[in-house]
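The lines below spell out each chain.
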Amino acid sequence: MAKTLVAIVQTAALELGLNAPVSVVGNGDAQTQQMLALANRTGVELSQTEGGWQALRGEQLITWVVGQDTYTLPIDYLYYVQDTQWNRSSHYRIDGPMSALDWETIKSGLYPSGVYSRYRIFGNKIVFDPIPSDTSTIAIEYISNSWCQSAAAIGQISFLADTDTPRIPDDLFVLGVKWRFLAAKGFDYSEERAAYDMALNRFHPRDTVTENISLGMRGGINTFLNMGLLPAGNWPGR
């Protein structure tokens, strides 16, 4: 079970040899307020970790409206996950995100429509081309900016109550508050920063659980006939 905000700050304070506060949010003590700010800074930066965190992954389903090319982003949108955009009605991939150059080439130049739809993020909206002519369902995975949550499991972009918990491993918050606190006070923080970096490099690869990469022929969902689908032994005609 994840540590609450007050437990994170108390643990960091005790490990630094400081008095542990009884409460954090609303506490008038300047040191406690600083630790709250540092905990929030740690959460914001951890949420930006390249590759994201599995607990911050969400899926947006968009139902096209005929004649409408622009749709809202998820309310907790941080960024879309590359290569996860699919038309679940036609089973075609959606190309994108398009660069400004490519988008203007398609819109302004002589460019064939092609088989696939494509999209661009523009004006804090997602825009599709060509303009939808059906009511297909589009699925896109994204990373949420809600790196913590309330006691009622409501996503938040910052700690708002002592009972809030992070969606990212809580030990990273303890270590993050420690090195940032020492740095803010002008003390040597190299050992604490190294411990934080080591923990991040340990937690994140385990969290993302990426696929194995073969140095030979690459398998995967696009290889419909491969050795993994052939019977083991008893090869016909052999």
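Notes on the structure follow. Only a predicted model underlies this, so the values are computations on that prediction, with no experimental measurement involved.

### Observations regarding the packing of helix α4 (residues 170–184) against helix α5 (residues 190–208)
Then step 1. At their nearest, the axes of α4 and α5 sit 8 Å apart, and the two run at 155° to each other. When the axes of α4 and α5 are compared, the pair comes out roughly antiparallel. Of the two elements, α4 crosses α5, and the hand of that crossing is left-handed. Contacts from Asp 171, Leu 172, Leu 175, Gly 176, Lys 178, Trp 179, Arg 180 and Leu 182 of α4 reach α5 at Glu 192, Arg 193, Ala 195, Tyr 196, Ala 199, Leu 200 and Phe 203.
Then step 2. Of the residues contributing to the contact of α4 with α5, the split by class is 9 nonpolar, 1 polar and 5 charged.

### Side note on the sheet that holds strand β5 (residues 118–122)
Then step 1. Within the open sheet, the 3 strands sit side by side as β2-β6-β5. Their pairing is antiparallel. Pairing within the sheet leaves two strands with one partner each, and these edge strands are β2 (70–72) and β5. Between one strand and the next, the sheet's axes are offset by a mean angle of 30°, whatever the strand orientation.
Then step 2. Here 5 bridges tie β5 to strand β6 (residues 125–129), and the two strands are oriented antiparallel to one another. Residue Tyr 119 lies in a different strand from β6, and its bridge partner there is Phe 128.
Then step 3. Taken strand by strand, helix α3 (residues 100–108) contacts β5 and β6, and its axis lies near 120° from that of β5.

### So, the nonpolar core
Then step 1. Leu 46, Phe 159 and Ile 168 are the most contacted members of the largest nonpolar core, which has 30 residues in total.
Then step 2. Of all elements in the fold, only α1 (5–15), α2 (30–47), α4 and α5 reach the threshold of two or more residues within this core.
Then step 3. Counting residues per element, this core draws most heavily on α4, at 7 residues.
Then step 4. Beyond its immediate sequence surroundings of up to four residues, Ile 168 is in contact with Leu 46, Ser 47, Trp 53, Leu 56, Trp 147 and Phe 173.

### Concerning the pattern of salt bridges
Pairs can form between side chains of opposite charge once their charged atoms are near each other.
Then step 1. One pass over the full model with this rule turns up 9 salt bridges.
Then step 2. In this structure, Glu 141 and Arg 57 form a salt bridge, with 3.0 Å as the shortest nitrogen-oxygen distance. Placement of Glu 141 in strand β7 (residues 137–144) and of Arg 57 in strand β1 (residues 57–63) is noted, with a sequence separation of 84 residues between them.
Then step 3. On the basis of relative accessible area, Arg 57 is assigned to the partly exposed category, the value being 39%.
Then step 4. In this structure, Arg 88 and Glu 59 form a salt bridge, with 2.6 Å as the shortest nitrogen-oxygen distance. Taken as a pair, Arg 88 in the loop between β4 (86–87) and α3 and Glu 59 in strand β1 lie far apart in primary sequence, 29 residues in all.
Then step 5. A single salt-bridge network, built from bridges that share partners, covers Arg 41, Glu 45 and Arg 180.

What counts and what doesn't
Residues numbered from 1 in each chain as written. Predicted model: local features only at pLDDT ≥ 70, side-chain atom pairs only at ≥ 80, totals over all residues. Heavy atoms only, no water. Axes fitted to C-alpha atoms, helices over the stretch in contact; angles between N-to-C directions. Helix = DSSP H or I, 4+ residues; strand = E, 2+ residues; numbered from the N terminus. Parallel < 35°, antiparallel > 145°, perpendicular 65-115°, else oblique. Left-handed = near helix turned anticlockwise from the far one by under 90°. Contact = heavy atoms within 4.5 Å. Nonpolar A, V, L, I, M, F, W, Y, C, P; charged D, E, K, R; others polar. Pairing = 2+ DSSP bridges. Core = buried A, V, L, I, M, F, W, Y, C linked by side-chain atoms within 4.5 Å. Buried < 20%, exposed > 50% of the residue type's maximum accessible area, 1.4 Å probe, protein only. Salt bridge = Lys/Arg side-chain N within 4 Å of Asp/Glu carboxyl O.

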